[in-house]
Amino acid sequence: MNSRPFTRLRISKTNHLLCKAKINGKNAILIIDTGASNSCIHSELQEYFELKEKGDFFDAAGASEGKMEAILTSECKIQLGKSFKAKQAFVLLDLNHINKTLKSQGAEKIDGIIGTDFLKKNKALIDYSVRKVFL
């Protein structure tokens, strides 16, 4: 039995791993994406999550056509599960194209993505058999 903090995962209709989180104390639905290099938050939710920009805009590549304008945030508070708390910077990115695709396939929209930066830094272990990510 793993005694590390964990959060429960759900598998969406599109076969994505979803988790509930709190960002600066506000509820969020995030995809766990081991193929995403950076953790992202939908740019339209910047004010809701009280995220402060840090640095300059840059071009980001993602699961869409071409490049998208993005900007990094300062570190903020993130909580997964009942007891895992950390600091995390996010890339603010327009996720409308992702949410549009999810909706067209009958899946719920997301607020952001937990990427490899977070998973690696926190030595995450994903256990599909019990649908949990241990941190």
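All of the points below concern the structure found in this document. Note on numbering: residues in each chain are counted from 1, in written sequence order. Selection of residues for local features in this predicted model requires a pLDDT of at least 70, selection of side-chain atom pairs for listing and counting requires 80 or more, and totals for whole chains, interfaces and linings are taken over all residues. Note that water and hydrogens are dropped before the side-chain values are worked out from all heavy atoms of the structure.

Counting from the N terminus, the helices are DSSP H or I runs at least four residues long and the strands are E runs at least two residues long. Summing up its helical and strand segments, the chain has 2 helices and 13 strands in all. Radius of gyration: over C-alpha atoms. The globule rule applied is 2.2 Å multiplied by the number of residues raised to the 0.38 power. For a compact globule of 135 residues, the expected C-alpha radius of gyration is about 14 Å, and the chain comes in at 14 Å, within 12% of that figure. Counting only C-alpha atoms and orienting by the principal axes, one finds that the chain spans roughly 45 × 35 × 25 Å. For every residue, the accessible area obtained with a 1.4 Å probe (protein chains only) is divided by the maximum for its type, and the residue is called buried under 20%, exposed over 50%, and partly exposed between those limits. Put simply, the chain has 135 residues, and 41% of those count as buried. Of the roughly 8100 Å² of accessible surface on the chain, a fraction of 50% belongs to carbon and sulfur atoms. Of the charged side chains in the chain, 22 are positive and 15 negative, and the gap between their average positions amounts to 12 Å. Here, Shrake-Rupley sampling with a 1.4 Å probe gives the accessible areas, and only protein chains in the shown set may cover a residue. Neither His nor the chain ends contribute to the count of charged residues, in which Lys and Arg are positive and Asp and Glu negative. Here the site of a charge means atom NZ of a Lys, CZ of an Arg, CG of an Asp or CD of a Glu.

Before going further, it helps to spend a moment on helix 1 (residues 96-104). Of the residues making up helix 1, those classed as buried are Ile98, Asn99 and Leu102. Along helix 1, the residues classed as buried sweep out an arc of 95° about the axis, all on the same side. Turned more than 90 degrees off the buried face of helix 1, the exposed positions are Lys100, Lys103 and Ser104. Looking at the buried positions of helix 1, the neighbouring elements they touch are strand 4 (26-32), strand 5 (40-42) and strand 11 (112-114). A positive backbone phi angle near 80° is found at glycine 106, which sits one or two residues after helix 1. In this context, the arc is that of the directions from the helix axis out to the C-beta atoms. Working rule for contacts: check all heavy atoms of both residues, and any pair within 4.5 Å makes them a contact.

Here the focus is the pairing of strand 3 (residues 17-23). Among the 7 residues in strand 3, 5 count as buried, and that is most of the element. What makes two strands pair is DSSP finding at least two bridges between them. Here strand 2 (residues 10-11) runs beside strand 3; their pairing, made up of 2 bridges, is antiparallel. Bridge assignment links isoleucine 11 to a residue of strand 3, and that residue is leucine 17. If you look at the hairpin formed by strand 2 and strand 3, you'll find 5 residues sitting between the two strands, and asparagine 15 has a positive phi there, around 70°. By the bridge criterion, 7 bridges tie strand 3 to strand 4 in an arrangement that is antiparallel. From the neighbouring strand, leucine 17 faces strand 4, where its bridge partner is isoleucine 32. If you look at the hairpin formed by strand 3 and strand 4, you'll find 2 residues sitting between the two strands, and asparagine 24 has a positive phi there, around 50°.

Following the sequence through the fold, serine 12 ends up in the loop between strand 2 and strand 3. Among the residues examined, serine 12 registers a relative accessible area of 14% and is labelled buried. As for serine 12 and glycine 81, which are separated by 69 residues in sequence, their C-alpha atoms are 18 Å apart. Within the local environment of serine 12, its side chain forms a polar contact with the side chain of threonine 14, the two groups lying 2.8 Å apart. Pairs of N or O atoms within 3.5 Å make up the polar contacts considered here, provided that, within protein, one atom can donate a hydrogen while the other can accept it, and that residues adjacent in sequence are counted only when both atoms are side-chain atoms.

Just distances and angles here, no functional claims.
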